[in-house]
Amino acid sequence: MAMIVHPLHTQFGAQITGVDLKQVIDDTLASSLRQCLADHAVLVFPGQSLNPAQFQTFGEVFGELMPQQFKNYTLEDFPFIGFNSTNDLPRKNGKLQVRGENYHTDHSNELCPPRATALVAVQIPSVGGDTQFVDVRQAYDDLPPKLQQQVNGLRSLHVLQSSRSPRSFTKLSDEERAKIPSNLQPLVIAHPISGRSALYLNTGRMEGIQGMPEQEAYDLINSLYEHATQSKYEYRHRWQVGDVAIWDNRSVMHQANADYDPEQYRYLYRLMVSGDALRAAQS
Ligand code: SIN
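The written sequence of each chain sets the order in which its residues are numbered from 1. Given that this is a predicted model, residues contribute local features only at a pLDDT of at least 70 and side-chain atom pairs are listed and counted only at 80 or more, while totals for whole chains, interfaces and linings are drawn from all residues. The side-chain figures draw on all heavy atoms in the structure; neither hydrogens nor water molecules are used.

### Some thoughts on the sheet that holds strand β8 (residues 131-135)
Then step 1. Pairing within the open sheet is antiparallel, and its three strands lie in the order β14-β8-β16. Strand pairing shows two members of the sheet lacking a second neighbour, β14 (234-237) and β16 (252-256), which therefore form its edges. Averaged over all pairs of adjacent strands, the angle between their axes in this sheet comes to 20°, without regard to strand direction. For two strands to be treated as a pair, DSSP must find no fewer than two bridges joining them. Helical segments are the DSSP runs of H or I of at least four residues, strand segments are the runs of E of at least two, and each set is numbered from the N terminus. Between N-to-C directions, angles cover 0 to 180 degrees, with each direction set by a line fitted to C-alpha atoms, over the stretch in contact for helices.

Encoded structure:
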């Protein structure tokens, strides 16, 4: 079987067919898959229907797996495989809430955030529940040079939940909360492989900007977020059962959608690939 790469967007994203991820992934295929992720930032493999063990093997192609942060969303027999489901969060005023709403990059409060995250669609509502991705490299490239100069070199403290978070997070016990780190992260990162600059934003976790008055900092964060989440930077994935997707958290932000009928169950396996400390882009 020959691997076929179909672009999903003019700037990023690729659908990969002609591979069977349930079979042994040899070194040649593994290295092509890693190169494809580096080149396209989001990869979608339709119709793979991986079980947790096969999904774990797939994830390990991209590096060492990162433990799940929330044990209550972790499969009992597979500590590196978590899940996202319709029932993870309580309803708010009768309305469905899902984990991963609002564009974000995963676990940005960790010193070494995951380099990649992957999902397998196990059960999907008939309408809605898509995952959206935006290219934060292109969003950075399109900023006026003066604004690029202003944001390069800035840092933001990323915490468990920002005091201005637009989304709800899982409620944690004091003991669990105490274990969750906070870290300063660059506002503009350099990709470790391509060297490309990218905006590094997570409005759910960013607690201002170091050395900047509070209101000015949030105004800047919000305007960068609005810029980066324009539809021209977006690929929207409409899930089919069995799809596998993996994305590079240093190149794209992603968001889940609570726009489906809560009577229709949505359930995906999820894993993360460990990353390194982020590098600030050079001005
Ligand atoms: C996530 O943010 O990892 C969840 C994405 C999704 O459920 O669509």
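After that view of the structure, there is still more to cover.
### Brief notes about the site of the ligand
Then step 1. Taken together, N84, G100, H104, L119, T131, H254, A256, R266 and R270 are the residues near the ligand.
Then step 2. Between the ligand and the protein, one listed contact pairs an oxygen atom with a side-chain N or O atom of N84 at 3.3 Å.
Then step 3. Here the ligand loses 98% of its free accessible area of 260 Å² to cover by the protein chains.
Then step 4. The nonpolar class holds Ala, Val, Leu, Ile, Met, Phe, Trp, Tyr, Cys and Pro. Asp, Glu, Lys and Arg form the charged class, and all remaining residues, Gly among them, are polar. Split by residue class, the shell around the ligand holds two nonpolar, five polar and two charged. Note on terminology: near, applied to a residue and a molecule or strand, indicates that one of the residue's heavy atoms is within 4 Å of it. Counted as a polar contact is a pair of N or O atoms within 3.5 Å, where, for protein atoms, one must be capable of donating a hydrogen and the other of accepting one, and residues adjacent in sequence contribute only when both atoms are in side chains. The Shrake-Rupley method, run with a 1.4 Å probe sphere, supplies the accessible areas, and residue values consider only the shown protein chains as cover.

### Focus on the pattern of salt bridges
Then step 1. Every case where a carboxyl oxygen of Asp or Glu lies within 4 Å of a side-chain nitrogen of Lys or Arg is listed as a salt bridge. Counted according to the given criterion, the structure contains 10 salt bridges.
Then step 2. Notably, a salt bridge pairs K22 with D20, separated by 3.9 Å at the nearest N-O pair.
Then step 3. Residue R250 is joined to D248 by a salt bridge in which the shortest nitrogen-to-oxygen separation is 2.8 Å. A single burial state applies to R250 and to D248, both of which are buried.
Then step 4. The network of salt bridges with shared partners includes D130, R236, R238 and D259. Exposure categories follow from relative accessible area, calculated using a 1.4 Å probe and restricted to protein chains: below 20% of the type maximum is buried, above 50% is exposed, and the middle band is partly exposed.

### Concerning the sheet that holds strand β9 (residues 155-158)
Pairing between the strands of a sheet comes from backbone hydrogen bonds, and it takes one of two forms, parallel or antiparallel.
Then step 1. An order of β10-β9-β13 is seen for the three strands of this open sheet, with the pairing classed as antiparallel. Each edge of the open sheet carries a strand with a single partner, namely β10 (183-186) and β13 (206-207).
Then step 2. Pairing analysis gives two bridges linking β9 to β13, with the strands arranged antiparallel. Considered in β13, the bridge of L157 is made with E207.

### Some points on unusual backbone geometry
Then step 1. Non-glycine residue S49 carries a positive phi angle of around 45°.
Then step 2. Positive phi, close to 50°, is recorded for N93, a residue that is not glycine.

### Focus: the packing of aromatic side chains
Then step 1. Ring pairs shown here join Phe, Tyr and Trp side chains whose ring centres sit within 6.5 Å, with only the six-membered ring taken for Trp; geometry is labelled stacked below 30 degrees between planes, edge-to-face above 60, and tilted in between. On inspection of all chains with the given rule, the structure shows 10 aromatic pairs.
Then step 2. Centre to centre, the rings of F58 and F62 are 5.3 Å apart; their planes meet at 70°, and the pair counts as edge-to-face.
Then step 3. For F58, a relative accessible area of 0% translates into the label buried.
Then step 4. Its relative accessible area of 5% is what places F62 among the buried residues.
Then step 5. In this structure an aromatic cluster arises from ring pairing among F70, Y73, F83, Y265, Y267 and Y269.
Then step 6. One residue, R99, lies across the ring of Y73, its end atom 3.5 Å from the ring centre. In our convention, an over-ring charge means Lys NZ or Arg CZ found within 6 Å of a ring centre and within 35 degrees of that ring's normal.

Without other data, these values stay purely geometric and don't point to any function.
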